[in-house]
Amino acid sequence: MIEIKKICKSFSGKPVLDNADMVINDGETFSVIGPSGCGKSTLLKCIVRLIKPDSGDILVDGQNIVHIEDEFELAKLRKNFGYLFQGGALFDSLTVMENVTFGLKYLTEIPRREYPRIAREKLALVGLEKAEDLKPAELSGGMKKRAALARAIAAEPKYIFYDEPTTGLDPITSDMIMELISDMAAKLKITSIIVTHDIRLAFTISTRIAMLDKGNFSVSGTPEELRNSSDPTVKKFTEDALCSGAPAHRRGPDGKNGRKAE
Amino acid sequence: MKHYFLEGAGRRATALAENLGAVALMIKSMVVWLFKARPEVREIVRQSVRIGVDSLAVTILTSFFTGMVLALQMGYTSKNLFNEPLYIGTMVAFSLVKELAPVLTSIVIAGRVGAAVTAEIGTMKVTEQIDALYTLGTNPARYLLIPRYAAFILTIPLLTIFADFTGIFGGFLVSTIKFHVPNSVYWNDIFTFMQIKNFMHGFLKTFAFAGMIATVSCYKGLTCEAGAEGVGKATTEAVVLSMVLVMVLDYFISAMLVAVGII
């Protein structure tokens, strides 16, 4: 379980997170929605301690991670986390196989001879069986995301963080990534935390959605609850996003998302 | 007017202090990881090949022609002054071994590899690959900095030795072909006067140059601003700063070595 307690973070005096409070339960597929620049990615980076919050506490399975300063302690803590970066963040100089096995050396005690087997297994999960010898520059946008996802799950983390997983992808590839996220959650029993402004993604795969607005969580609930929310910010955001973001073929007869949350 | 000058000077002094502090923290982080974790031998080898082996040809070419031009200039100068080419070997060897080989090799490496290191680390930073290192259980000090520092410190002194030999050989060719100086005279001019400490004077400096080039190129990469423009700017700054600092360090280290008797 991840408990976020009154987290504040400012950059150059400008508050990005302002007393954000939230609890993410084990096994959830939890989406954080909100407009660009509202602090969604900052929140994720605070949870994995890529950024240190100015104040507040973040408890991961009861352990407060905000005050850990030792890099070794943080490295141990990160064994629990997988992180899918917005652009994939694959290492350019390494092949897909090397990228996927990269974290195994640092995060696990698995013998090196097992690496190729694990990598192939994870690449098969994301449908990239034949790409193991390719370099990131040779992959398409969707393949990069899938390879990055294979890397994120290679060490079998307990929590996986997705930073804008469908941004920059075409609708078909977006669908594929959505299905992958659902599959990962179902097959690997991973707690998924997704930050996105893709409202369609959030409504399709989340078990719970929270809206980050002006630095804190304004509303949270199931996709159905958010869809029927009377909160004007949520209403405006979801309607605007659905009308402008979702391709016509995915919208229901009412102009909203045609797919139901799982 | 005075007010603006003071404000500008204050701002620059603050920025300099901040940068020096950040460099100190970067080095501290490396030292900590150096003792706490096993070194990335594969990365050290990979970087050494990239910095050393791949730079060998350009280093040899540079020093070869430097040796040749030194012999040419010394030959004509001594012919004008004394009517015959004297001490070409001595002049070429001392100039190369003590100054030109270490400085030129370092400048070539700063331009060729320092720039590439800054661009690579800078690109990794703006594409979140540095953040990815943290999430995968390592960090830039361990995976990026230590191997690059080790590679610079291992290869620049070795390349300098190659540069010494090829430069002296270049001088030998000009001396014997152009000025018809006998082989034995050329080599005798070198070995009569050259001592180990003369060689050490140039060789020891290369360690300082290597450490400085590694520091500048890695630091500029890690602190580069977002976007292609940021990476380009950081790369240019790294090359210019490295080259200037090679010259500045050269004077002070030479003075220090002379003071301790390594002349």
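Residues numbered from 1 in each chain as written. Chains lettered and ligands numbered in written order. Predicted model: local features only at pLDDT ≥ 70, side-chain atom pairs only at ≥ 80, totals over all residues.

A. Fine view of the overall build of chain B. Along the backbone of chain B there are nine helices and zero strands. When its helices and strands are written in sequence order, chain B yields α-α-α-α-α-α-α-α-α. Taking the principal axes of the C-alpha coordinates as reference, chain B spans close to 70 × 55 × 35 Å. (Helix = DSSP H or I, 4+ residues; strand = E, 2+ residues; numbered from the N terminus.)

B. Quick look at the domain arrangement of chain B. All names here are of chain B. Partitioning chain B into domains gives domain 1 (1-36) and domain 2 (40-259). Its C-alpha centre places domain 1 at a distance of 26 Å from the equivalent point of domain 2. Contact with domain 1, which involves seven residues of that partner, is made by nine residues of domain 2. Of the residues that constitute the side of domain 1 that touches domain 2, the class distribution is six nonpolar, one polar and no charged. (Domains from an automatic or database assignment. Contact = placed C-beta atoms within 7 Å. Nonpolar A, V, L, I, M, F, W, Y, C, P; charged D, E, K, R; others polar.)

C. Spotlight on the interface of chain A and chain B. Listed per partner, the contact involves 17 residues of chain A and 12 residues of chain B. Residue assignment for the side of chain A that touches chain B shows that the elements contributing at least two residues are helix H2 (71-77), strand S6 (81-84) and helix H3 (96-107) of chain A.

D. Region of interest: the sheet that holds strand S10 (residues 216-221) of chain A. All names here are of chain A. As summarised here, the arrangement of the six strands in space is S6-S7-S8-S3-S9-S10, forming an open sheet in which the pairing is mixed. Either end of the sheet is taken by a strand with one partner, and the two such strands are S6 and S10. Averaged over all adjacent pairs, the angle separating strand axes in this sheet is 20°, with direction ignored. Pairing of strand S7 (residues 159-163) with strand S8 (residues 191-196) involves five bridges; the strand directions are parallel. By the bridge assignment, Asp163 is partnered in S8 with Val195. Taken strand by strand, helix H6 (residues 171-188) contacts strand S3 (29-33), S7 and S8, and its axis lies near 160° from that of S8. (Pairing = 2+ DSSP bridges. Axes fitted to C-alpha atoms, helices over the stretch in contact; angles between N-to-C directions.)

E. A look at the pairing of S10 of chain A. Residue and element names in this part refer to chain A. Strand direction decides the pairing type here: strand S9 (residues 208-213) and S10, joined by five bridges, are antiparallel. Paired with Ile209 across the strands is Gly221, a residue of S10. Linking S9 back to S10 in an antiparallel pair, the connection comprises two residues, with Lys214 at a positive phi of about 50°.

F. Spatial organisation of the sheet that holds strand S1 (residues 2-11) of chain A. Residue and element names in this part refer to chain A. Taken together, the four strands give an open sheet; going across it, the order is S2-S1-S4-S5, and neighbouring strands pair in antiparallel fashion. Edge strands, defined here as strands with exactly one partner in the open sheet, are strand S2 (14-24) and strand S5 (63-64). The pairing of S1 with strand S4 (residues 55-60) spans five bridges and is classified as antiparallel. For Glu3, the partnering residue across the bridge sits in S4 and is Leu59.

G. Quick peek at the environment of Ser254 of chain B. Residues and elements named next belong to chain B. With respect to the helices and strands, Ser254 occurs in helix H9 (residues 227-259). Judged by the 18 C-beta atoms lying within 10 Å of it, Ser254 is partly exposed. In this structure, the C-alpha to C-alpha distance between Ser254 and Gly202, residues 52 residues apart in sequence, is 8.4 Å. (Buried ≥ 20, exposed ≤ 12 C-beta atoms within 10 Å, placed from the backbone.)

H. Structural detail: helix H4 (residues 115-125) of chain A. All names here are of chain A. Residues of H4 that are buried include every one of Ala119, Lys122 and Leu123, and no others. Down the axis of H4, the buried side of the element spans an arc of 100°, and every buried residue falls inside it. What points out from H4, more than 90 degrees from its buried face, is the exposed set Arg117 and Ala124. Close packing links the buried residues of H4 with H3 and helix H5 (141-153). Downstream of H4 by a residue or two, Gly127 has a phi angle that is positive, lying close to 75°. (Arc of directions from axis to C-beta.)

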